[in-house]
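Here are the chains, one letter per residue:
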Amino acid sequence: MNTTPDTTKRVLLVWDAPNMDMGLGGILGGRPTAAHRPRFDALGRWLLGRTADIAEGHDELIEPEATVFTNIVPGSAEVVRPWVDALRNVGYAVFAKPKLTDDSDVDQDMLDHIALREHTTGLAGVFVASADGQAFREPLLDLARQGIPVTVIGFREHAAWATTATELEFIDLEDIPAVFREPLPRISLDALPDDGAWLIPFRSLSTLLK
């Protein structure tokens, strides 16, 4: 096996923190407690396992790279810093961008990083944690058509664009072992209780005024 740095390919995980937080908040109906916050150490161990599986089919050295992309609202740095430091301590790279306007999202930054790895180290696999089909569907389909395994990680309630694309693998975040300490309180329209169930709004009605 040739293990020189020039032949090392990446299995790349990119995590869309604003989008995943919104999806989780929609399921929970509010901010998650400790029991319902994703455990990034468990996600990292799962990624290492998936990387080992992918590496079995390659002659090159394959390495995992885990990255989290997030927005920082002005004035919130002290609140967010412990979470960012914890991610970095586990082995994740963090791209942090100030949230200065409604358009200050990290979608393009994620796509730019995927493209950078594609054209430098090369990609042996891509895992994208996001429900934003508008931003990611076509770029990920393009990668899949090139023969790069592409997996979307998210919540099945918000990812029809990924679950219906035969070129993409979809994994529900809750199906990854030990990512959540307790089961999410999910309600499926396909399996409602006989006496019905309330579906919590994804956002406050007052956001219509913004």
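Residues numbered from 1 in each chain as written. Predicted model: local features only at pLDDT ≥ 70, side-chain atom pairs only at ≥ 80, totals over all residues. Heavy atoms only, no water.

A. The arrangement of the packing of aromatic side chains in detail. Under the counting rule described, the total for this entry stands at five aromatic pairs. Aromatic side chains Trp15 and Phe40 sit 4.8 Å apart centroid to centroid with 65° between the ring planes, which places their arrangement in the edge-to-face category. Residue Trp15 is located in strand β1 (residues 9-16), and its partner Phe40 is located in helix α2 (residues 40-55); the two are separated by 25 residues in the primary sequence. For the pair Trp15 and Phe40, one class covers both residues: buried. On the numbers, 5.5 Å between centres and 85° between planes, the contact of Phe40 with Tyr92 is edge-to-face. A residue pair is termed long-range when its members are at least 10 positions apart, and Phe40 in helix α2 and Tyr92 in the loop between α3 (77-90) and β3 (93-98) qualify at 52 residues. With respect to burial, Phe40 and Tyr92 carry one shared label: buried. Here a set of aromatic residues connected by ring pairs shows up, and it is made of Trp15, Phe40, Trp83 and Tyr92. (Phe/Tyr/Trp six-rings, centres within 6.5 Å; stacked < 30°, edge-to-face > 60°. Helix = DSSP H or I, 4+ residues; strand = E, 2+ residues; numbered from the N terminus. Buried < 20%, exposed > 50% of the residue type's maximum accessible area, 1.4 Å probe, protein only.)

B. Structural view of the nonpolar core. Counting 29 residues, the largest nonpolar core has Trp15 and Leu173 as its most contacted members. When residues in this core are grouped by element, the largest group, six residues, is from α2. Counting residues in hydrophobic clusters, the runner-up holds 24 residues, among them Phe69, Met110, Leu123 and Leu140. (Core = buried A, V, L, I, M, F, W, Y, C linked by side-chain atoms within 4.5 Å.)

C. Representation of the sheet that holds strand β4 (residues 123-129) in the model. Reading across from one edge, β3-β2-β1-β4-β5-β6 is the order of the six strands in this open sheet, with parallel pairing throughout. If you trace the sheet from one side to the other, it starts and ends with β3 and β6 (169-172), each paired once. Between one strand axis and the next, the sheet turns through 20° on average, direction left out of account. Bridge count between strand β2 (residues 62-72) and β3: six bridges; the pairing is parallel. Paired with Asn71 across the two strands is Lys97, which belongs to β3. (Pairing = 2+ DSSP bridges. Axes fitted to C-alpha atoms, helices over the stretch in contact; angles between N-to-C directions.)

D. Representation of the side chain of Arg117 in the model. Looking at the element boundaries, Arg117 is found in helix α4 (residues 107-119). Judged by its relative accessible area of 16%, Arg117 falls in the buried class. A polar side-chain atom of Arg117 sits 2.6 Å from a polar atom in the side chain of Glu65. What Arg117 contacts, discounting residues up to four positions off in sequence, is Arg10, Leu12, Glu65, Gly122 and Leu123. (Polar contact = N/O pair within 3.5 Å; in protein donor to acceptor, adjacent residues only side chain to side chain. Contact = heavy atoms within 4.5 Å.)

E. Local environment of the pairing of β1. Of all the eight residues making up β1, seven are buried; the element is thus mostly covered by neighbouring parts of the structure. When β1 meets β2, the two strands line up parallel, connected through eight bridges. Considered in β2, the bridge of Asp16 is made with Phe69. Judged from the six bridges that link them, β1 and β4 form a sheet pairing that is parallel. Counterpart to Val11 in the pairing with β4 is Gly125.

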